[in-house]
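Chain residues, written in single-letter form:
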Amino acid sequence: MNDTITAPIRDGAIRVHGPEDFAGMRKAGLLAAQCLDMLIPHVQPGVTTGELDDLARAFVLDHGALPACLFYRGYRHTVCTSINHVVCHGIPGPRALREGDIVNIDVTVIVDGWHGDTSRMYGVGKVSPRAKRLVDVTYQSLDLALAAVKPGVRLGDIGHIIQTHVEAQRCSVVQDFCGHGVGQVFHDAPNVLHFGRRGTGEILKPGMFFTIEPMVNLGRKDVKVLSDGWTAVTRDKSLSAQCEHSIGVTETGVEIFTASPAGQFQPPIEV
């Protein structure tokens, strides 16, 4: 689950973590990734987003963990299910998936006090070529950002990489929401923007934990939040996609805590 650009940053301090903290994040990230792996065969036409939420909640609890989103700031579900033009924070319910939908499922679990936060895109049956292209561009932007993470790089460099790739593909980056520090606090410093200028922002140091979670629209970048206070949608009703990893900065690069053990972080999408 992402943060808003305007949300207050807890105490403002960027935490630097040690080896035992990496071990804690590995466990939390693995379980979150396993949860999303488990959902792959269930993302089918006719299945409701509420049913997917029930499956995720049972999975997390059965593994001795806690769903971080459940009752977080009044949210009453385990996952967010964001379909088609929903950018993020879509609320599970009676809406049944339909052939051709694309859906982002975002889950955060708490294992021994550590938060594993991740999301990925799923196709429902056969999707349109433009929807598949949007998903591919979104994943490519995350891959390029992850490849650049190492000590000494600035957060503005990461945002610039994402924005440059996305806009070169004639898509747009949502600027109202961002990645965030993560660890024993769900949403912590720093804010991780998915746009920006090179040479700006905090300098990455070994032991920093945060999410990178670009939200990419086929149309304009503008979004609005619906009256439920959660669901963010594109103003022009264009399709939107997102993918997210929780990561740690190492001495030489990056460790991805939420990598899919099944190798399905980007589930195959049929066109």
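Here is what the cut-offs are and how they apply
- Residues numbered from 1 in each chain as written.
- Predicted model: local features only at pLDDT ≥ 70, side-chain atom pairs only at ≥ 80, totals over all residues.
- Heavy atoms only, no water.
- Helix = DSSP H or I, 4+ residues; strand = E, 2+ residues; numbered from the N terminus.
- Rg over C-alpha atoms; globule rule 2.2 N^0.38 Å.
- Buried < 20%, exposed > 50% of the residue type's maximum accessible area, 1.4 Å probe, protein only.
- Contact = heavy atoms within 4.5 Å.
- Areas by Shrake-Rupley, 256 points an atom, 1.4 Å probe, with all protein chains shown as cover.
- Lys, Arg positive; Asp, Glu negative; His and termini not counted.
- Charge placed at Lys NZ, Arg CZ, Asp CG, Glu CD.
- Phe/Tyr/Trp six-rings, centres within 6.5 Å; stacked < 30°, edge-to-face > 60°.
- Pairing = 2+ DSSP bridges.
- Axes fitted to C-alpha atoms, helices over the stretch in contact; angles between N-to-C directions.
- Polar contact = N/O pair within 3.5 Å; in protein donor to acceptor, adjacent residues only side chain to side chain.
- Expected span 1.5 Å × (residues − 1).

Considerations on the overall build of the chain
Part 1 of the argument: What the chain contains, in helices and strands, is four helices and 16 strands.
Part 2 of the argument: By the compact-globule yardstick of 18 Å for 271 residues, the chain fits well, its C-alpha radius of gyration being 17 Å.
Part 3 of the argument: Along the first, second and third principal axes, the C-alpha atoms of the chain reach 45 × 45 × 35 Å.
Part 4 of the argument: Expressed as a percentage of the 271 residues in the chain, the buried residues total 56%.
Part 5 of the argument: Put simply, of all contacts in the chain between residues at least 6 apart along the chain, 73% involve residues at least 24 apart.
Part 6 of the argument: Surface summary for the chain: the accessible area is close to 10900 Å², and the carbon and sulfur share equals 53%.
Part 7 of the argument: For the chain, the distance from the average position of its 25 positive side-chain charges to the average position of its 29 negative side-chain charges is 7 Å.

Examining the environment of V149
Part 1 of the argument: Assignment of secondary structure puts V149 in the loop between α3 (129–148) and α4 (155–168).
Part 2 of the argument: For V149, a relative accessible area of 3% puts it in the buried group.
Part 3 of the argument: Those residues in contact with V149, other than ones at most four positions away along the chain, are I158, L204, I212, I247, V249, G253 and V254.

Some details on the packing of aromatic side chains
Part 1 of the argument: For the coordinates displayed, the defined rule picks out seven aromatic pairs.
Part 2 of the argument: Taken together, a centroid distance of 4.9 Å and an interplanar angle of 70° make the contact between Y75 and W230 edge-to-face. Taken together, the residues span a long stretch of sequence, with Y75 in the loop between β2 (66–67) and β3 (79–83) and W230 in the loop between β12 (223–225) and β13 (232–234) at a distance of 155 residues. Just as Y75 is buried, W230 falls in that class too.
Part 3 of the argument: For the pair F209 and F257, a centre-to-centre distance of 5.2 Å together with 80° between the ring planes defines the contact as edge-to-face. Of this pair, F209 sits in strand β10 (residues 209–212) while F257 sits in the segment after β16 (254–256); the two residues are 48 residues apart in sequence, bridging distant segments of the chain.

Concerning unusual backbone geometry
Part 1 of the argument: Here the amide bond leading from A189 into P190 is cis, since omega sits at 5°, within 30 degrees of zero.
Part 2 of the argument: Within the chain, D112 stands out as a residue other than glycine whose phi angle is a positive 50°.
Part 3 of the argument: Exposure remark for D112: the relative accessible area of 64% places this residue in the exposed category.
Part 4 of the argument: Positive phi outside glycine occurs at R170, with the angle close to 60°.
Part 5 of the argument: Within the secondary structure layout, R170 lies in the loop between α4 and β7 (172–173).
Part 6 of the argument: The exposed category is assigned to R170, whose relative accessible area is 76%.

Regarding the sheet that holds strand β14 (residues 240–242)
Part 1 of the argument: Strand order in the open sheet formed by three strands is β7-β11-β14, and the pairing between neighbours is antiparallel. Each having just a single partner strand, β7 and β14 make up the two edges of the open sheet.
Part 2 of the argument: Across two bridges, the pairing between β7 and strand β11 (residues 215–217) is antiparallel. When the sheet's bridge partners are listed, S172 is paired in β11 with N217.
Part 3 of the argument: The sheet contacts of α3 involve β11 and β14, and relative to β14 the element is tilted by about 35°.

A short note on the side chain of N217
Part 1 of the argument: Within the element layout of this structure, N217 appears in strand β11.
Part 2 of the argument: Assessed through its relative accessible area of 0%, N217 is described here as buried.
Part 3 of the argument: Within the structure, the side chain of N217 is placed 3.0 Å from the backbone oxygen of R220, a separation counted as a polar contact.

A closer look at α4
Part 1 of the argument: For α4, built from 14 residues, the straight-helix expectation of 20 Å at 1.5 Å per residue is met to within 8% by its first-to-last C-alpha distance of 20 Å.
Part 2 of the argument: Most of α4 sits out of view: 10 of its 14 residues are buried.
Part 3 of the argument: Every buried residue belonging to α4 is among L155, G156, D157, I158, G159, I161, I162, Q163, H165 and V166, and all of these are buried.
Part 4 of the argument: Positive backbone phi, approximately 60°, marks R170, located one or two places after α4.

Description of helix α2 (residues 49–62)
Part 1 of the argument: A rise of 1.5 Å per residue sets the reference length of α2, with its 14 residues, at 20 Å; its end C-alpha atoms lie 20 Å apart and thus fit the reference within 8%.
Part 2 of the argument: For α2, the complete set of buried residues consists of T49, G50, L52, D53, A56, F59 and V60.

Notes on the pairing of strand β8 (residues 177–181)
It is a general feature of regular strands that their side chains alternate between the two faces of the sheet.
Part 1 of the argument: Across the five residues that make up β8, a large majority, five, are buried.
Part 2 of the argument: Sheet analysis places strand β1 (residues 3–4) next to β8, joined by two bridges and oriented antiparallel. Across the sheet, the residue bridging to T4 is F177, located in β8.
Part 3 of the argument: Here β8 runs beside strand β9 (residues 188–192); their pairing, made up of three bridges, is antiparallel. By the bridge assignment for β9, G179 is matched with V192.
Part 4 of the argument: From the end of β8 to the start of β9, which pair antiparallel, there are six residues.

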